[in-house]
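Here is what each chain is made of, one letter per residue.
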Amino acid sequence: MTYHTHSLFGFVFAVIIVKLLALFDIKDLSYLIKGSILNADLWKFYTAAIIASLLPDIDHANSKAGKTLWFISKPLKWFGIKHRGLTHSILGFILFALLSKELIKYNWINRIIWYGLLIGYISHILSDMLNVHGIPLFYPNDKKFKFNTNITTGSWGEHILFVVIFATVVLLIVSERGYLNFNGLLDFL
Ligand SMILES: [Zn+2]
């Protein structure tokens, strides 16, 4: 998938997770939902999700993440890490979660940003499962996992997916501001 599809998917996924957390009324995060739209943490959270939604492709030298963080993507290649391998697996996610959690200790990020990073990373793995190639979820086991969608990178399928995701974001943002009311629909479901 191209980086704009991934970043959009990361953002939408973060919006949906925040919405779900609102349903469960988790205290720690309630200010993300009920607080001001200008809350700095809210935007840091979404930015973190978007950045992390690109990170698993660091295993590909020509990807956005690979080009930007070449000093990581090059050594990964030297160590024989292939595209859609370790970084696209549950093990890769756990390693990323542990490494990025270290940044909290050094006060480089706070816990909310860390949550954003984790959500963005998961969104990448999920969206790559829409791809025809699938991903090795249980790496180092090679078995590929994918949804039944068979979307090829840069294909019409991906463009349509992009439009659908984009429309979802616009609807979510519009509904958040009270212009559209989904409550009736939720009651119906
Ligand atoms: Zn990927």
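As annotated in an unreviewed UniProt entry, the chain is Inner membrane protein from Orenia marismortui.

S.K.: Please explain the overall build of the chain as it appears in this structure.
M.R.: A tally of regular secondary structure across the chain gives nine helices and zero strands. The order of α-helices and β-strands along the chain, N terminus first, is α-α-α-α-α-α-α-α-α. The buried share of the chain, reckoned over its 189 residues, is 26%. Counted over contacts in the chain with a minimum sequence separation of 6, partners at least 24 positions apart contribute 62%.

S.K.: What should I look at first to understand the confidence of the model for the chain in this one?
M.R.: Predicted coordinates in areas of low pLDDT are best not read in detail. Model confidence for the chain is summarised by a mean pLDDT of 85, while 86% of its residues fall at 70 or above. For the chain, helix H9 (residues 183-188) is the element with the lowest average pLDDT, namely 56, and helix H6 (residues 90-105) is the one with the highest, namely 96.

S.K.: Is there a simple way to think about the nonpolar core in this case?
M.R.: In a soluble, globular protein the nonpolar side chains are often hidden away together inside. Counting 23 residues, the largest nonpolar core has Phe13, Ala14, Ala49 and Ile119 as the members making the most contacts within it. Where this core is concerned, the elements lending two or more residues are helix H1 (3-24), helix H3 (40-52) and helix H7 (111-128). Look past the residues within four positions of Ala49 in its chain and what remains in contact with it is Gly10, Phe11, Phe13, Ala14, Gly116, Ile119 and Gly120.

S.K.: Where do I start with the UniProt feature "transmembrane region" (unreviewed entry) in the chain in this structure?
M.R.: UniProt feature "transmembrane region" (unreviewed entry): in the numbering of this structure it lies at residues 6-24, 83-100, 112-139 and 160-180. Along residues 6-24 the backbone is 100% helical and 0% strand, and the end-to-end C-alpha distance reaches 27 Å.

Thresholds, definitions, all that
Residues numbered from 1 in each chain as written. Predicted model: local features only at pLDDT ≥ 70, side-chain atom pairs only at ≥ 80, totals over all residues. Helix = DSSP H or I, 4+ residues; strand = E, 2+ residues; numbered from the N terminus. Buried ≥ 20, exposed ≤ 12 C-beta atoms within 10 Å, placed from the backbone. Contact = placed C-beta atoms within 7 Å. pLDDT = per-residue confidence, 0-100. Core = buried A, V, L, I, M, F, W, Y, C linked by C-beta atoms within 7 Å. UniProt positions renumbered as here; feature names shortened; annotations may be inferred.

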